[in-house]
Structure formats: structure tokens, C-alpha cells
Amino acid sequence: MAQKLFIKTYGCQMNAYDSARMAELLAPLGFAAVAAAEEADLVILNTCHIREKAAEKVYSELGRLSRLKGARQAAGRGMTLAVAGCVAQAEGAELMRRQPAVDLVFGPQAYHRLPEMIARAARGCFVLETAFEVERKFDELPEALIPGGPAAFLTIQEGCDRFCTFCVVPYTRGAEYSRPVAEVAAEARRLVAAGASEITLLGQNVNAYHGREYSRPVAEVAAEARRLVAAGASEITLLGQNVNAYHGRAPEGVGSWGLGRLIAHLSEIEELLRIRYTTSHPCQMDDELIEAHRDIGKLMPFLHLPVQSGSDRVLEAMNRRHRADDYRRIVERLRRVRPEIAFSSDFIVGYPGESEADFAATLDLVREIGFAQAYSFKYSARPGTPAALMEDQLPDQVKVERLRHLQALLARQQRAFNERSIGERVEVLLERRGRRPGQLAGRSPHMQVVNVAAGDELLGRVVEVEITDARAVSVAGRLADARPNAPRQLAPPIKEARIPA
Ligand code: 5AD
Ligand code: SF4
């Protein structure tokens, strides 16, 4: 019987990616997505724990859902309530204690076992799965295939080993894990075949990427050869940039690629026009990655590179392992190799012990660099992190005031950046309908939201737009030219050929 599924996603793009994969995993079991929890037999909250507010929002949503579940049960219909993601990982059994209506709690590394967990919950068991097994998750999830539109996300790395003192990620997402190059490349090709022209490579610490190098495992090569023959091929040419370096599956830990090399490799997919990656750590901007910004036109001239603070004292207390000047130097190097590159960042204000002078150093850094956009947050103590135990926590009032000050400066910079682009011609990937009828919206290479009067036939195309107007968080423009990326002819789905035993 068809069942209805509602997934509510909180937090980062990685959670959005995971939610899409969960929906794919459940579709063959008869779960169809619906737009509201009220209609759903299974509700999954895919949660975020990075800041306090996010977790509190989950608890308040759970309150609402538990009443909804009660009402449905009274009407003779059940509802399975699941909490996934980082709040689930961090809170575990506490979640079920605080909210008994919850049936399933599972962390980001357990999604691939969702069907089995749902079956257990249906038998009336409480299900709690918060172990770390990243590798199996990627091995066992079905291949990502949802046509996610022209701009797609691809998770290449998960977890983090850096242990910034304020951050829950190393605890909720676990140790750093990079997916092998072949797996990432295959997923990128599938996304492009399904219509994506832009791919954003995702990871909590994405430039820590060190995927196993590209030699496709023997079994995979043999299976593809059989499929090609079954489909009529009589001759097969084995391809590779350095094909006689082929050595099947490399032993664990031997031969890995950094992010720069991975991007270079993916840029060879012809119909992939744009590549982005997020989120990075300044200490891992290695030469190869900086050179990728110089050499690979498809790598967009925009980098989200969190600095958190401009004060060396605070950076040290945060265990960031770089100084403000290191950050300045990286920005300088990137600007030298790619003069048009624009930057975005994350900032935390009111870290324990942050003085007025420390905060002033952050403002100085912001003024010097000039950001195209940025995110800034009040420090929030996360249970289990070292900073939460520090004694010199600042009063909320101080944090609020500093945040207001910093956000005003960042907003001025963003508006100024947008205003400077008036008169420029930029390439825009039109991703969706705009707010007004007859309008489409997309992103410039610099990640600006661009609104433009254009017909639906241009959806999914890269067009040249002349920017005519700047707002606080978007720009508007007029169509200058439709670029020669012709409407995409989508490949028919590949049929799995039967392989004779
Ligand atoms: N308090 C406030 N902001 C935080 N971030 C991470 N942990 C915290 C915290 N405890 C911010 C950082 C990070 C972004 C994703 O969230 O700026 O880069
Ligand atoms: Fe968290 Fe990023 Fe630091 Fe890792 S590098 S601990 S994800 S802030």
C-alpha cells in the first residue's frame, strides 16, 4: 500500500543532500513524498545541531508533531515519527525521553538502514541507531539519481578531525571520511546525465578531501565491459589519462587525491559547466587547490572560506590553528591567481573571553578583505565541546550588540559588492522561476542571486545577463545573450544489462 512520507530538513546543504537520498531509498518501498506532515504516515526530521536555536526548533516541532500524531491515532491512523541527523546523533536516547512520541532516532551514518529500522519501529520497538559507519552508508545507499535540477549537490566528504573548540561536528558527524574518486566521478556523471550543469561538492571540511585515487576496481570495469558488449559493442577501448598506470583498486591509504585534483578531473565532464565546493578550512587550502582556482575555468570564482574571528588570541582559543594573517595571505594568493574571485565567510562573535579589542580585530579583517557575502553567528555553547566549559562566557547582551555591529558591516559590503556589478555582463545559470511572473532566477559566478525577465524555455540554461540593479541580497538584470549551452538532451536511463553468470 502506498505510504506517505514527509521529510523536514534543517541546517546545511549536506542535510539537504542526505534527505534526498533518504527519499530515494524509501521510494521503492512505496513511500511517496507529500508536502505536509499532516498527510504523512512517516515524518522524518533531518536535524542540525550546529547552534542552539536549531536544536530548540526541533524540540518545538516535535511538540507539534506529537499532538498531530495523537490526533491521527485517535482517528485510527498511525504516524511514525523519526528524528535523523546531528541532533539525533548528539541527543540520542535523551530525545525519546524528552519526547516519547518519537519512534526512531538515528544519526547521519545510519540512513542506509532506514528500511530495516522502519520495519522494527512498525513492530512497536523504539529504534536508536547512532553508531558511526560512514563507509557502509555510501556503499549501501542507492545511486543518487534524482534529477535535482540544473544545480546539484554532491557529498564527497563527511565528518571532521579538526576539533575546533566550539564545534559539534567532530562529535555528531564523526571522523573525517572521503569517498573514493571513482565513486564521486560516477555520481557526478549521473547528475550531469540527469540534467545538472553545476555541481557543488559538499563536505563539513571539504578541502580535507583525500579520496582513494582513480583506478576503477576490476569488478566494476568487467561489469561495464559486459554491459557494453551486451548492448552491442564489439570493440572496447580502455581509457585513462595515464591508462597504463592502471592498478585496479588501490590498497587502503595508498594513493589519494586532494580536492584540487578531484576538481580538475571532474572538470573534464564536458556538459558540466560549473563546479563549486563548500565548506573549507583555511589550513587546507593547499597549492593544488589554489592552482585549480587558477587553471580551471569551470571552478567558479567564489569561495566560502570561514575565518570565524580576526583575533589571533581568539583563533588560538578556538583551536583553529591559523592566524588572521594566514587567512589574509590565502586570500591574497587566490586573488593573485584569480583576480575576480569573491569571498564569503563564517564568523562567530562573543566566543568565551572575546574582548572589545578581539572583536575590533574581526571588524578590521572584514574591512580589509571585503566580503561578497557572509554568515555570522552569536557564539552558542554546545554541550560536550571544550568551549562550553570555559568560564568566561559572555553575556548575551554583549553578543547581540557585537553581532548587530558585524552584520551591519557585512551587509554594507554585500550591497557594495552587488552595486559594483551593475553594468557587468555575467553568466547566470537559470535555476528556477523568480518571484514575479515572467521572471527566472539563478546565480552569477559570484553566487549572487540574479533575477531576470526570461521565459521558462531558458530554465536550466546558462545565459549572459547584464546587471542593471542591485539590492541587499540579490541583483537584477536583463538578458544579454543566451549562451551556446544548447538545451540539454537528457540521456535515457541506462538499463542494467544482464550479466551471464
Ligand atoms: N556557536 C556559534 N556558531 C557556531 N558555528 C559552529 N559552531 C558554532 C557555535 N557553537 C558556526 C561556525 C561554522 C558555521 C557552520 O556555524 O561559524 O563555520
Ligand atoms: Fe567544525 Fe569546521 Fe572546525 Fe571541523 S573545521 S571542527 S567542521 S568548524
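Computed from a prediction, not measured in an experiment: that's the story for all the values here.

Within the protein, the secondary structure is distributed over 15 helices and 21 strands. What you see for the protein is a C-alpha radius of gyration of 24 Å, in line with the 23 Å of a compact globule of 501 residues. With respect to the principal axes defined by its C-alpha atoms, the protein has extents near 70 × 60 × 55 Å. Counting over 501 residues, the protein shows a buried share of 52%. Summed over all atoms, the accessible surface of the protein reaches about 23,400 Å², with 53% contributed by carbon and sulfur.

This paragraph deals with the site of ligand 2. Neighbouring residues of ligand 2: Cys160, Arg162, Phe163, Cys164, Phe166, Cys167, Val169, Pro170, His281 and Arg320. Taken together, the residues that form the shell around ligand 2 break down as seven nonpolar, one polar and two charged.

A separate point is the side chain of Thr155. Tracing the sequence through the fold places Thr155 in strand E7 (residues 151–155). A relative accessible area of 1% places Thr155 in the buried class. Every residue in contact with Thr155, bar those within four places of it in the chain, is listed here: Met14, Tyr17, Phe138, Arg179 and Leu202.

In this section: the side chain of Gln99. Its place among the elements puts Gln99 in the loop between helix H4 (93–98) and strand E5 (104–106). For Gln99, the contacting residues outside a window of four places in its chain are Leu62, Gly63 and Ser66.

Glancing now at the pattern of salt bridges. If you walk through the whole model with that rule in mind, you get 37 salt bridges. A salt bridge links Glu24 to Arg21; the nearest nitrogen and oxygen atoms lie 3.5 Å apart. Taken as a pair, Glu24 and Arg21 lie in helix H1 (residues 13–26) at a separation of three residues, close to a single helical turn. The structure contains a network of salt bridges with shared partners spanning Arg21, Glu24, Arg179, Glu183 and Glu187.

It is worth spelling out the nonpolar core at this point. Inside soluble globular proteins, nonpolar side chains tend to come together where they are buried. Counting 52 residues, the largest nonpolar core has Leu201, Leu259, Leu266 and Tyr277 as its most contacted members. No other element matches helix H8 (residues 181–193), which puts six residues into this core. Of all hydrophobic cores here, the second largest spans 25 residues; its members include Tyr10, Leu62, Leu81 and Leu95.

Turning our eyes to something else, we now look at unusual backbone geometry. With omega at 5 degrees, the peptide bond leading from Thr278 into Thr279 counts as cis. Relative to the elements of secondary structure, Thr279 occurs in the loop between strand E13 (274–278) and helix H11 (287–295). A positive phi angle, close to 55 degrees, is found at Phe163, a residue other than glycine. Mapped onto the elements of the fold, Phe163 is located in the loop between strand E8 (157–158) and helix H7 (169–172). On the basis of relative accessible area, Phe163 is assigned to the partly exposed category, the value being 38%.

Criteria and thresholds
Residues numbered from 1 in each chain as written. Chains lettered and ligands numbered in written order. Predicted model: local features only at pLDDT ≥ 70, side-chain atom pairs only at ≥ 80, totals over all residues. Heavy atoms only, no water. Helix = DSSP H or I, 4+ residues; strand = E, 2+ residues; numbered from the N terminus. Rg over C-alpha atoms; globule rule 2.2 N^0.38 Å. Buried < 20%, exposed > 50% of the residue type's maximum accessible area, 1.4 Å probe, protein only. Areas by Shrake-Rupley, 256 points an atom, 1.4 Å probe, with all protein chains shown as cover. Near = heavy atom within 4 Å. Nonpolar A, V, L, I, M, F, W, Y, C, P; charged D, E, K, R; others polar. Contact = heavy atoms within 4.5 Å. Salt bridge = Lys/Arg side-chain N within 4 Å of Asp/Glu carboxyl O. Core = buried A, V, L, I, M, F, W, Y, C linked by side-chain atoms within 4.5 Å.

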